[in-house]
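Analysis of the macromolecular model
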Amino acid sequence: MALIRNIAGLKSGRVYELDSGTIVFGRNPRQCDVVLDHFAVSREHARITLVDGIAYIEDLESRNGVLVNGQVIAAGTAGRKRLYSGDSFRIATFEFIYEEDPSSDVRMSDRDCTGDEVLSKLDVSDDTSGGEAELPSDTFHAILAVLQELPTAPNPSRVLSSILDQLFGAFKAATMGAIFLRRNGSEDFVPAAVRRRAGVTGPVVVRRTLLDAVASQKSALLTIEHGATANGRHDDRADSPSRSIVCVPLIWSDEVLGVIQLESPREAGEFTNRDLAALGGVARHLAAVIQTSRRHIEALQAQQYKLEQRFRDLIEGSVQGVLVHRQFRPLFVNKTFARLYVEYGDASKAYREAFPASQKWKDAAVHVAASRLLSDAKVSLRIEELKKKRSQKLDISENRVLAEIAAIAFSDVGELADEQGGFKGLKNLNPATRRAVKSV
């Protein structure tokens, strides 16, 4: 199933199904399936048409044009451009992504494949196997086109769709085809690309047992499935349809990444040993491209992580970073900083403890951040309040000190000693002397 997903300009994530075969974009609500209310959009701006499972976008002579993957396409039918899964297109301020869901075009069957008539089997577990049969000139050039397409496609989805297009040119008998890839860390196969020849309808019926057999044996198989039906069930009648199938694993460094399957009704033509050998050769190159693409994506992800980490370190260790963090500083830092500043008397030390993330900052950055907090009116007020409370606990006025000293001086010193000459306990002193001693 083909989908068009909006990513800018409309409600985020809005999806349109391309099930009717045509979608028109523009301002005219009577003529357009997707109405784009913007002065830069023409009444009928662009059209996407689905032809034999392939989507094409066309600029309907609009004023401001259509961009596909950032490139302006020519107006009219002459500029009609094919869309691959993952391609983006823009109309004025509106941006969309074209997506294909291969799983909706594939019907997985659990029917056993042990009853198939195996016409040929080819070991493709290493680089020396397969691909040595002589090929007709047209097939050779079609295979060459497949290989040339491999390194130029910009994304994995486009690679696989383009490969199937080229394979259909090389293998004239093919009416349906699909590429299956294994999920990371799983033995299950999922459809990654599907292709039908013009005029062919219905789902691509694939048996899990055949895919598993090809993967486990690491061999390409050319088989005849008798009694094949469109719903994947078996028909034992003598006149039941049969289909010719060539199924090849995608192997890289002894790992099965996926499987390619091409099929054709026997009455339309059968695959040959040459087809099996040729497809085996293409599969090895395709596996290399898939693995390279995976490594490239992993490398990009790792590089992105490193860049983000370096950016965070740079931000946290710079004065500009302090200004950024200052805007997003948690509210509790204010009170904590004020309390610690009153306690330590050191603004930088108080800031590092109140804001643990600043432990990695440079001293100059912490000093700037702490100074900004000290200049904050609310923080300054809080610091003054805490200082006042602290001084009230510690403050002893000069007059009070003199008064207490005088009280001790004018008290009877003899009252402080007991009969043995030692000092009496506080509870044994007279009230006036006891108050004077306690105050000191």
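Look up: the structure comes first, before these words.
Read on for a plain summary of the structure.

**Digging into the environment of Ala347**
By secondary structure assignment, the location of Ala347 is in helix H7 (residues 347–354). Once the C-alpha coordinates of Ala347 and Leu373 are considered, the two residues, 26 residues apart in sequence, prove to be 8.9 Å apart.

**Focus: the packing of aromatic side chains**
For the coordinates displayed, the defined rule picks out eight aromatic pairs. Measuring from centroid to centroid gives 6.3 Å for Phe337 and Tyr351, while their planes differ by 70°, and the two rings are edge-to-face. Of the two residues, Phe337 sits in helix H6 (residues 332–344) while Tyr351 sits in helix H7, which places them 14 residues apart along the sequence. Accessibility classification places Phe337 together with Tyr351 in one group, the buried group.

**A few points about the sheet that holds strand E17 (residues 219–226)**
Pairing between sheet strands relies on hydrogen bonds along the backbone, with the strands arranged either parallel or antiparallel. With respect to topology, six strands assemble into an open sheet ordered E13-E17-E18-E19-E14-E15, the strand pairing being antiparallel. This sheet does not close on itself; its edge strands, each paired only once, are strand E13 (117–123) and strand E15 (189–196). The average angle at which neighbouring strand axes cross in this sheet is 15°, direction not considered. Examined bridge by bridge, strand E14 (residues 176–182) and strand E19 (residues 255–265) share six bridges and lie antiparallel to one another. Its bridge partner being in E19, Phe180 is matched across the sheet by Val259. Strands E13, E14, E15, E17, strand E18 (242–252) and E19 of the sheet are contacted by helix H3 (residues 208–217), whose axis makes an angle of about 40° with E18.

**Quick notes on a positive patch on the surface**
Residues Arg27, Arg30, Arg43 and Arg63 make up a contiguous surface patch of positive charge. Summarising the element assignment, Arg63 is placed in the loop between strand E6 (54–59) and strand E7 (67–68). By relative accessible area, which is 54% here, Arg63 ends up exposed.

**Thoughts on the sheet that holds strand E5 (residues 46–51)**
A sheet is described by the order of its strands in space; here five strands give the open sequence E4-E3-E5-E6-E9, paired in mixed fashion. A strand with exactly one partner marks an edge of an open sheet, and here the two such strands are strand E4 (34–35) and strand E9 (81–83). The pairing of strand E3 (residues 22–26) with E4 spans two bridges and is parallel. Residue pairing across strands places Gly26 opposite Val35, the latter belonging to E4.

**Notes on the pattern of salt bridges**
Side chains bearing opposite charge may pair, as long as their charged atoms lie close to each other. Within the structure shown, the criterion is met by twelve salt bridges. Note that Asp165 is salt-bridged to Arg82, the shortest N-O span being 1.9 Å. With Asp165 in helix H2 (residues 156–170) and Arg82 in strand E9, the pair connects residues that are 83 residues apart, well separated along the chain. The same class applies to Asp165 as to Arg82, namely buried. Between Asp165 and Arg195 there is a salt bridge whose closest N-O contact spans 2.7 Å.

**Section: the pairing of strand E1 (residues 2–8)**
Looking at chain direction, E1 and strand E11 (residues 94–100) are connected through six bridges and run antiparallel. Considered in E11, the bridge of Leu3 is made with Glu99. Sheet topology places E1 next to strand E2 (residues 15–17); three bridges connect them, and they run antiparallel. Bridging from a neighbouring strand, Leu3 pairs with Glu17 of E2.

**Describing the nonpolar core**
Core analysis: the biggest nonpolar cluster contains 50 residues, and Phe171, Ile179, Leu250 and Leu286 have the highest contact counts within it. Here this core gets nine residues from one element, more than from any other, and that element is helix H4 (residues 273–316). Counting residues in each nonpolar core, the second largest holds 22 residues, with Leu36, Val68, Phe94 and Tyr98 among its members.

**Focus: unusual backbone geometry**
Non-glycine residue Glu61 carries a positive phi angle of around 55°. Residue placement: Glu61 occurs in the loop between E6 and E7. Since its relative accessible area comes to 59%, Glu61 is described here as exposed. Unusually for a residue other than glycine, Asp254 sits at a positive phi of about 70°. As for its placement among the helices and strands, Asp254 is situated in the loop between E18 and E19.

Thresholds, definitions, all that
- Residues numbered from 1 in each chain as written.
- Predicted model: local features only at pLDDT ≥ 70, side-chain atom pairs only at ≥ 80, totals over all residues.
- Heavy atoms only, no water.
- Helix = DSSP H or I, 4+ residues; strand = E, 2+ residues; numbered from the N terminus.
- Phe/Tyr/Trp six-rings, centres within 6.5 Å; stacked < 30°, edge-to-face > 60°.
- Buried < 20%, exposed > 50% of the residue type's maximum accessible area, 1.4 Å probe, protein only.
- Pairing = 2+ DSSP bridges.
- Axes fitted to C-alpha atoms, helices over the stretch in contact; angles between N-to-C directions.
- Contact = heavy atoms within 4.5 Å.
- Patch = residues over 30% accessible without salt bridge, like charges linked within 9 Å, V, L, I, M, F, W, Y side chains within 5 Å.
- Areas by Shrake-Rupley, 256 points an atom, 1.4 Å probe, with all protein chains shown as cover.
- Salt bridge = Lys/Arg side-chain N within 4 Å of Asp/Glu carboxyl O.
- Lys, Arg positive; Asp, Glu negative; His and termini not counted.
- Charge placed at Lys NZ, Arg CZ, Asp CG, Glu CD.
- Core = buried A, V, L, I, M, F, W, Y, C linked by side-chain atoms within 4.5 Å.

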